[in-house]
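Observations on the model geometry
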Amino acid sequence: MAEQPNHEAQLTAYRESIDNIDAALVFMLAERFKITKAVGFYKREHDLPPADPGREKAQIERLRSLAKSANLDPEFSEKFLQFIIREVIQHHERIREKGEI
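Residues numbered from 1 in each chain as written. Predicted model: local features only at pLDDT ≥ 70, side-chain atom pairs only at ≥ 80, totals over all residues. Heavy atoms only, no water.

What the protein contains, in helices and strands, is three helices and zero strands. Sequence-ordered secondary structure for the protein, helices as α and strands as β, is α-α-α. At 20 Å, the protein has a C-alpha radius of gyration far larger than the 13 Å of a compact globule built from 101 residues. C-alpha atoms of the protein, sized along the principal axes, occupy 75 × 30 × 15 Å. Contacts in the protein between residues far apart in sequence, at least 24 positions, make up 60% of those at least 6 positions apart. Of the roughly 8100 Å² of accessible surface on the protein, 58% is carried by carbon and sulfur atoms. When the 16 basic and 18 acidic side-chain charges of the protein are each reduced to a single mean position, those positions are 6 Å apart. (Helix = DSSP H or I, 4+ residues; strand = E, 2+ residues; numbered from the N terminus. Rg over C-alpha atoms; globule rule 2.2 N^0.38 Å. Contact = heavy atoms within 4.5 Å. Areas by Shrake-Rupley, 256 points an atom, 1.4 Å probe, with all protein chains shown as cover. Lys, Arg positive; Asp, Glu negative; His and termini not counted. Charge placed at Lys NZ, Arg CZ, Asp CG, Glu CD.)

The following block contains the structure:
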């Protein structure tokens, strides 16, 4: 009789890797938002608008290209970046209006 694969052990190994990647993503996003917060205060100090459509468009194009080279769906990467951009703009608007997030 053939040996039965241990599905639980394999799934656990995959999930541990996924958990490590998720943790890295959280820390990377935290670092990104720390920097965009500083940008928000800089923009407030220098009376610059919260949004920069030209920069946003360039970043989306750049990320789509990176996604293609990484074999990641460019549509997904664009949606992900647009979500982050919306959050950042909201933070910058709050900083501009209230001086805090």
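On to the packing of aromatic side chains. The tally for this structure, following the rule as stated, stands at one aromatic pair. Plain terms: the ring middles of F76 and F80 are 6.3 Å apart, the flat faces sit at 20° to each other, and that makes the pair stacked. Here the residue F76 and the residue F80 both occupy positions in helix α3 (residues 74–98), the gap between them amounting to four residues, near one helical turn. Look at F76 and you get partly exposed, because its relative accessible area is 47%. (Phe/Tyr/Trp six-rings, centres within 6.5 Å; stacked < 30°, edge-to-face > 60°. Buried < 20%, exposed > 50% of the residue type's maximum accessible area, 1.4 Å probe, protein only.)

Despite not being glycine, D47 shows a phi value in the positive range, around 55°. By secondary structure assignment, the location of D47 is in the loop between α1 (7–45) and α2 (53–69). The phi dihedral of N71 falls on the positive side, at around 60°, and the residue is not glycine. Topologically, N71 is positioned in the loop between α2 and α3. By relative accessible area, N71 is classed as exposed at 75%.

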